[in-house]
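Reading the structure
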Amino acid sequence: MSDRARRIIFFVGALPLAALLVLACLRLPPSGRGGSSYGDVINGAAADERHAADAVTAVNFDYRAFDTLGEEFILFTSVMGVVLLLRRSSEDDTEDDTDDKSANRQAPPTSDAVRALGLALVGLTVSFGLYIVTHGQVSPGGGFQGGVIIATGWMVLYLAGNAQTYCRLASPSLFEAVEALGAASYALVGAGALVAGMAYLANYVPLGPTPSTVRSGGTIALLSVAVGIEVSAGFIVLISTFLKEALAERQDQ
Amino acid sequence: MIEACLRWSAIALVAAIGPAVALTRDPRAQAITLTLYGLALTLLFFVLQAPDVALAQATVGAVALPLMVLLTLARMRRMDRDRDRGDDEEER
């Protein structure tokens, strides 16, 4: 197909799509006033019923906690899939030797400035992640966002230190176990409601003080922490698996 | 008024950076423009009063996504080279 014909077909599809998108944007409801009555009900109920100031987290980890269970296991399964796909066969298994190497030049040494800044940032990043995980019911955030931020801490560690240190501190077998633990504890916290004689994933823990603090929200806080553990460990496993690929590639050169 | 201005500037920013990502030819450079696009989306979500979504977009768009793209490119380069090497051996 000629370049010209391809371009014509593209514009036949793209221009109506662009027009529709602009129309849709023009008809967005004004900020702060949604069209759904469900939103209004949740906004009114979450603070009183669940002692959770952030209605979004209340929906994720309480009213629609079962959906989040599914999403959590989607992530769990995809991390497992990546690890399986990228598993290196035993004959080209050189992963014990993870020095930064390349054929033509040495990997540039990390400058002291990057090292110092990185080490300062590791603690800051991880504590910020923990803050986001534990304050999901109070302010925007929650287990998923916080978990990714915690995993970023390990990333900074790799940038500030060297590959060897990183591989020692991010052993995939350890974090695979932690990830499984996080996923399992979500399901188990939900099953606790069955023991208490309630529906699966019902909120059976005392709701704590209101207006909400870190201790509020009952199972919302517990489930958020479970997701935080699962997501952070899952992302660390993902990053390590991919990094091993990149490091192995550098060695081959 | 200010709200509408903010909202439309955020939408315009997304509309401007989106094609820029598509027009970046080198995949490695594309990983960087993709992060800028993520940042613009974060701003848009924030202006539209969805801080939870904005936070998720910021973390995933700034960290996980570009990293995965870059590492996947590294993996593909290695596979290409392995295949080239295999071809050379066959020719001999």
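A brief look at the structure comes next.

Conventions and cut-offs
- Residues numbered from 1 in each chain as written.
- Chains lettered and ligands numbered in written order.
- Predicted model: local features only at pLDDT ≥ 70, side-chain atom pairs only at ≥ 80, totals over all residues.
- Heavy atoms only, no water.
- Contact = heavy atoms within 4.5 Å.
- Buried area = accessible area lost by both parts, 1.4 Å probe.
- Salt bridge = Lys/Arg side-chain N within 4 Å of Asp/Glu carboxyl O.
- Polar contact = N/O pair within 3.5 Å; in protein donor to acceptor, adjacent residues only side chain to side chain.
- Helix = DSSP H or I, 4+ residues; strand = E, 2+ residues; numbered from the N terminus.
- Nonpolar A, V, L, I, M, F, W, Y, C, P; charged D, E, K, R; others polar.
- Buried < 20%, exposed > 50% of the residue type's maximum accessible area, 1.4 Å probe, protein only.
- Axes fitted to C-alpha atoms, helices over the stretch in contact; angles between N-to-C directions.
- Parallel < 35°, antiparallel > 145°, perpendicular 65-115°, else oblique.
- Left-handed = near helix turned anticlockwise from the far one by under 90°.
- Core = buried A, V, L, I, M, F, W, Y, C linked by side-chain atoms within 4.5 Å.
- Expected span 1.5 Å × (residues − 1).
- Phe/Tyr/Trp six-rings, centres within 6.5 Å; stacked < 30°, edge-to-face > 60°.

With that settled, consider the interface of chain B and chain A. The partner chain A presents 33 residues to the 24 residues of chain B that form the contact. Counting the surface lost from both chain B and chain A, the interface buries some 2,400 Å², and carbon and sulfur atoms represent 65% of this. Broken down residue by residue, the surface that chain B buries against chain A is led by Asp52(B), Leu71(B) and Arg78(B), which jointly contribute 25%. There are 0 salt bridges connecting chain B and chain A. Taken together, chain B and chain A are joined by 2 residue pairs in polar contact (both at pLDDT 80 or more). Taken together, the elements giving at least two residues each to the side of chain B that touches chain A come down to helix H1 (2-23) and helix H3 (51-91) of chain B. Per-element tally for the side of chain B that touches chain A: the top contributor is H3(B), with 18 residues. Partitioned by chemical class, the residues of the side of chain B that touches chain A number 13 nonpolar, 3 polar and 8 charged.

Here we come to unusual backbone geometry. Backbone geometry follows two general trends: most residues other than glycine have a negative phi, and most peptide bonds adopt the trans configuration. All names here are of chain A. A positive phi angle, close to 55°, is found at His51, a residue other than glycine. Looking at the element boundaries, His51 is found in the loop between helix H2 (37-50) and helix H3 (55-63). Backbone geometry places Leu201, a non-glycine residue, at a positive phi of 65°. Structurally, Leu201 can be placed in the loop between helix H8 (172-195) and helix H9 (219-252). By relative accessible area, which is 7% here, Leu201 ends up buried.

On to the environment of Pro30(A), then. Residues and elements named next belong to chain A. With respect to the secondary-structure elements, Pro30 resides in the loop between helix H1 (3-26) and H2. Taking relative accessible area as the criterion, Pro30 reaches 38% and is therefore assigned partly exposed. Sequence-wise, Pro30 and Pro206 are 176 residues apart; in three dimensions their C-alpha atoms are separated by 37 Å.

To describe two helices that pack against each other, one gives the angle between their axes and the distance between the axes. All names here are of chain A. Direction vectors running N to C along helix H5 (residues 112-134) and helix H6 (residues 143-160) enclose 165°, while the axes themselves pass 8 Å from each other. For the element pair H5 / H6, the angle class is roughly antiparallel. Handedness of the crossing formed by H5 with H6: left-handed. Its residues assigned to classes, the contact of H5 with H6 shows 16 nonpolar, 9 polar and 1 charged.

All names here are of chain A. This structure, assessed with the given rule, holds 5 salt bridges over all chains. The partner of Asp3 in a salt bridge is Arg6, and the shortest N-O contact between them spans 3.4 Å. Of the two residues, Asp3 and Arg6 are both situated in helix H1; the distance of 3 residues between them amounts to about one turn of the helix. Residues joined in a network through salt bridges with shared partners are Asp3, Arg6 and Arg7.

Within the largest apolar cluster, 43 residues are counted, with the highest numbers of intra-cluster contacts made by Tyr158(A), Tyr186(A), Leu223(A) and Phe235(A). Residue assignment for this core shows that the elements contributing at least two residues are H2, H3, helix H4 (65-85), H6, helix H7 (163-169), H8 and H9 of chain A together with H3 of chain B. Of the residues forming this core, the biggest block, 15 residues, is contributed by H9(A). Counting residues in each nonpolar core, the second largest holds 9 residues, with Ala10(B), Ile11(B), Ala40(B) and Val47(B) among its members.

Residues and elements named next belong to chain A. Viewed as axis vectors pointing N to C, H4 and H8 meet at an angle of 160°, and their least axial separation amounts to 10 Å. In terms of orientation, H4 and H8 fall into the roughly antiparallel class. H4 and H8 meet at a crossing whose hand is left-handed. Along the contact surface, H4 presents Ala65, Thr68, Leu69, Glu72, Phe73, Leu75, Phe76, Val79 and Val83, while H8 presents Glu176, Glu179, Ala180, Gly182, Ala183, Tyr186 and Ala187.

This next bit is on helix H2 (residues 27-47) of chain B. All names here are of chain B. Between the first and last C-alpha of H2 there are 30 Å, a value that for 21 residues agrees with the 30 Å anticipated at 1.5 Å per step. Looking only at H2, the buried set comprises Ala31, Thr33, Gly38, Ala40, Leu41, Thr42, Leu44 and Val47. Downstream of H2 by one or two residues, Gln49 has phi in the positive range, about 65°.

Turning our eyes to something else, we now look at the packing of aromatic side chains. All names here are of chain A. According to the stated counting rule, one finds 6 aromatic pairs over all chains in the structure shown. Aromatic pair Phe66 and Tyr200: ring centres 6.4 Å apart, planes at 80°, arrangement edge-to-face. Linking Phe66 in helix H4 with Tyr200 in the loop between H8 and H9, this pair joins segments that are 134 residues apart in sequence. Its relative accessible area of 32% is what places Tyr200 among the partly exposed residues. Taking the centre distance of 6.4 Å and the plane angle of 15° together, the rings of Phe128 and Tyr131 count as stacked. On the criterion of helical spacing, the pair formed by Phe128 and Tyr131 is a turn pair, its members being 3 residues apart in helix H5. A relative accessible area of 38% places Tyr131 in the partly exposed class.

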